[in-house]
Amino acid sequence: MGMLDGRCALLTGVATKHSIAWGITRSLAREGARIVLAYQNEKLKSRVEKLAAECNAEMILPCDVQNDAEIEELFRSLKQNWPKLDILVHSIAYAPREELNGEFLDHSTRDGFNTAHEISCYSLVALAQHARAMMKGGEGAMLTLSYLGAERVVPNYNVMGLAKASLEAAVRYLAVGLGKDGIRINAISAGPIKTLAASGIAGFREMLDYVEKNAPLCRNVSIEEVGDVAAFLCSEMARAITGEVIHVDSGYHLLGMHRTP
Ligand code: NAD
């Protein structure tokens, strides 16, 4: 018997087999959850279709979170097939590549700021508004993905650090609003993992090397490890946890100073 037997899970953010959302999808499916995947656009559709087949997803549905009509249509389609929703995974972020390279002050623009915050943070609020109606009366769980750049300055992470700080604050505000309906929401702050989104951050390879050298566990983390924590957070076992940001980063966030050679 799995931790999530029969639970209905909507996951956003699967783009490739390296996506963190894909690690989460596999853990949720392994624990018995029923899966629907939402994909960003036509360009990703065939790739997501193949992955959907691997995890026996019941549907794949399009949703660009910059488009309110697509968000509405996503939940309309979902409701036609599922009477209720138990789990929502938000694994979406974007900032223009030019803003993720060099000094924050030199590379920030109004457009870049707005885009990063809209896609990486507001989208959680928009999805939560729709998901809430389908989760009422159950024991719903929502989950989003953050990074240490929300709390500390990480070279080149720049505007995305601001967007993640906003996302983590949103988790706390949403936890209060959703708690009355018995719905929980948490974030996983994952260590660096090589994915499509991560490839947009200048010097990403160095981040991986640095964590491997300095983290308490002396290694990086995998999408499977993030997936397993996600399964726990979405399960009954975490029924008293909400509004938290859980670090899944080999303990890297603890450090105030790197190791001496
Ligand atoms: P990824 O590129 O595999 O996933 C990013 C996803 O965001 C993609 O599926 C993409 O389609 C989706 N997306 C972007 N704009 C969208 C839009 N307008 N509408 C709908 N979907 C959109 O990369 P990932 O690293 O798996 O990123 C997933 C989450 O994990 C992000 O929030 C990211 O910030 C976070 N995260 C990543 C790392 C890392 O090192 N990779 C570390 C901590 C947190």
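Structure's up top.
About the cut-offs
- Residues numbered from 1 in each chain as written.
- Predicted model: local features only at pLDDT ≥ 70, side-chain atom pairs only at ≥ 80, totals over all residues.
- Heavy atoms only, no water.
- Pairing = 2+ DSSP bridges.
- Helix = DSSP H or I, 4+ residues; strand = E, 2+ residues; numbered from the N terminus.
- Axes fitted to C-alpha atoms, helices over the stretch in contact; angles between N-to-C directions.
- Parallel < 35°, antiparallel > 145°, perpendicular 65-115°, else oblique.
- Left-handed = near helix turned anticlockwise from the far one by under 90°.
- Contact = heavy atoms within 4.5 Å.
- Nonpolar A, V, L, I, M, F, W, Y, C, P; charged D, E, K, R; others polar.
- Buried < 20%, exposed > 50% of the residue type's maximum accessible area, 1.4 Å probe, protein only.
- Near = heavy atom within 4 Å.
- Polar contact = N/O pair within 3.5 Å; in protein donor to acceptor, adjacent residues only side chain to side chain.
- Areas by Shrake-Rupley, 256 points an atom, 1.4 Å probe, with all protein chains shown as cover.
- 1 Å grid on protein atoms, 1.4 Å probe; cavity = no way out; pocket = protein on both sides within 12 Å on 5 of 7 lines; lining within 4 Å.
- Sits in = over half its atoms within 2 Å of the grid points.

Asks: Can you help me understand the sheet that holds strand S3 (residues 59-62) in this one?
Replies: The strands that make up a sheet pair up through hydrogen bonds in the backbone, lying either parallel or antiparallel. If you trace the seven strands from one edge of the open sheet to the other, you get S3-S2-S1-S4-S5-S6-S7, paired in parallel fashion. Among the strands making up the open sheet, the edge pair consists of S3 and strand S7 (245-248). Neighbour-to-neighbour, the strand axes of this sheet turn through a mean angle of 20°, independent of strand direction. Pairing between strand S2 (residues 34-39) and S3: four bridges, direction parallel. Bridged to Ala38 within S3 is Leu61.

Asks: Explanation requested: the packing of helix H3 (residues 68-81) against helix H5 (residues 110-135) in the structure shown.
Replies: Helix-helix packing: each pair is described by the crossing angle between the helix axes and the interaxial distance. Two elements in contact, H3 and H5, have axes separated by 10 Å at closest approach and are oriented at 20°. The pairing of H3 with H5 is recorded here as roughly parallel in orientation. Crossing angle aside, the handedness with which H3 passes H5 is right-handed. Contacts from Ile71, Glu72, Leu74, Phe75, Leu78 and Lys79 of H3 reach H5 at Ala126, Leu127, His130, Ala131 and Met134. Looking at side-chain class alone, the contact of H3 with H5 contains eight nonpolar, one polar and two charged residues.

Asks: I would appreciate a short explanation of the environment of Arg172 in the present structure.
Replies: Tracing the backbone through its elements, the reader meets Arg172 in helix H6 (residues 158-179). Judged by relative accessible area, which is 43%, Arg172 ranks as partly exposed. Along the chain, Arg172 and Val211 lie 39 residues apart, while their C-alpha atoms are 27 Å from each other. Once you skip the residues sitting within four places of it in the chain, Arg172 turns out to touch Gly243 and Val245.

Asks: Which parts of the structure should I look at to understand the site of the ligand?
Replies: Taken together, 27 residues form the shell around the ligand, and within it Ser19, Gln40, Lys164, Ile193 and Thr195 come nearest. Here an oxygen atom of the ligand sits 2.8 Å away from a polar atom, N or O, in the main chain of Gly13. Interatomic distance of 2.6 Å between a side-chain N/O atom of Thr195 and an oxygen atom of the ligand. Protein burial of the ligand: of its 820 Å² of free accessible surface, 93% is covered by the chains. Taken atom by atom, the bulk of the ligand overlaps the largest pocket.

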